[in-house]
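Residues per chain are reported as follows:
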Amino acid sequence: DAGTATFSMQSLDLNALLKSAARKFSPLAEKAGLALTVSLSDGESRVKADADRLMQVLDNLLSNAIKFTPQGGGISLTCQGGEKFVVIHIKDTGPGIPPEARERIFERFYQVDKARTGGGARGYGLGLAISKQIVETHGGALSLSTEDGVGGHFVVKLPLQT
């Protein structure tokens, strides 16, 4: 919020970043009994970005997907290039986010399940707020596109490198 975070913006191929994220999270997904699939863009996927910060976003979104998807479910990580933007989709087959929580999901300290009292699935409610701020600093947008009971579907939209 204070604008003191530093970003090292360089030319980055998002397909390569997604491959790296898949290598990192495949063992975790497998251990949780989940299938992780990756689809890379056939089109342009180069952006001007800080690779470490965008990996932080993917880490958060994929960690959440693994955490909240029941065993036997699946997670997909997709990159789609367009004319002006490249879009990353992170979808899971978990229970999804309740309608009453969707408007607040990106607020700092907000947690969907207030009843959880700890354990491995409990966080601080900062991950999505930080992720949204990182994506917006890159000139992009992070949004939730989900339907009742269909799972989580997060969309990261970033401008193509010009």
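This text goes with the structure placed above it.
Residues numbered from 1 in each chain as written. Predicted model: local features only at pLDDT ≥ 70, side-chain atom pairs only at ≥ 80, totals over all residues. Heavy atoms only, no water.

Draft legend 1. Looking closely at the overall build of the protein chain. Of regular secondary structure, the protein chain possesses four helices and seven strands. Tracing the protein chain from N to C terminus, the helices and strands come up as β-α-β-β-α-β-β-α-α-β-β. Taking all 162 residues of the protein chain together, 40% fall into the buried category. Restricting the contact set of the protein chain to residue pairs at least 6 apart, pairs at least 24 apart contribute 69%. For the protein chain, the accessible area works out to roughly 9,000 Å², and carbon and sulfur atoms hold 50% of it. (Helix = DSSP H or I, 4+ residues; strand = E, 2+ residues; numbered from the N terminus. Buried < 20%, exposed > 50% of the residue type's maximum accessible area, 1.4 Å probe, protein only. Contact = heavy atoms within 4.5 Å. Areas by Shrake-Rupley, 256 points an atom, 1.4 Å probe, with all protein chains shown as cover.)

Draft legend 2. Inspection of the pattern of salt bridges at higher detail. Counted by the stated rule, this structure contains two salt bridges. A salt bridge links aspartate 59 to lysine 24; the nearest nitrogen and oxygen atoms lie 2.8 Å apart. Taken together, the positions of aspartate 59 in helix α2 (residues 51-68) and lysine 24 in helix α1 (residues 14-31) put the pair 35 residues apart, joining distant regions of the chain. A salt bridge links glutamate 136 to lysine 132; its shortest N-O distance comes to 3.6 Å. Of this pair, glutamate 136 and lysine 132 both sit in helix α4 (residues 127-137), separated by four residues, roughly a single helical turn. (Salt bridge = Lys/Arg side-chain N within 4 Å of Asp/Glu carboxyl O.)

Draft legend 3. Representation of the nonpolar core. Ranked by size, the top nonpolar core spans 36 residues in total, and within it Leu14, Leu58 and Val156 carry the most contacts. Secondary structure elements with two or more residues in this core: α1, β3 (46-49), α2, β4 (74-81), β5 (85-92), α4 and β7 (153-159). Here the element with the most residues in this core is α2; it accounts for eight residues. Leucine 58 has contacts with Leu17, Leu18, Ala21, Ser63, Leu77, Ile88 and Ile90, leaving out every residue within four places of it along the chain. (Core = buried A, V, L, I, M, F, W, Y, C linked by side-chain atoms within 4.5 Å.)

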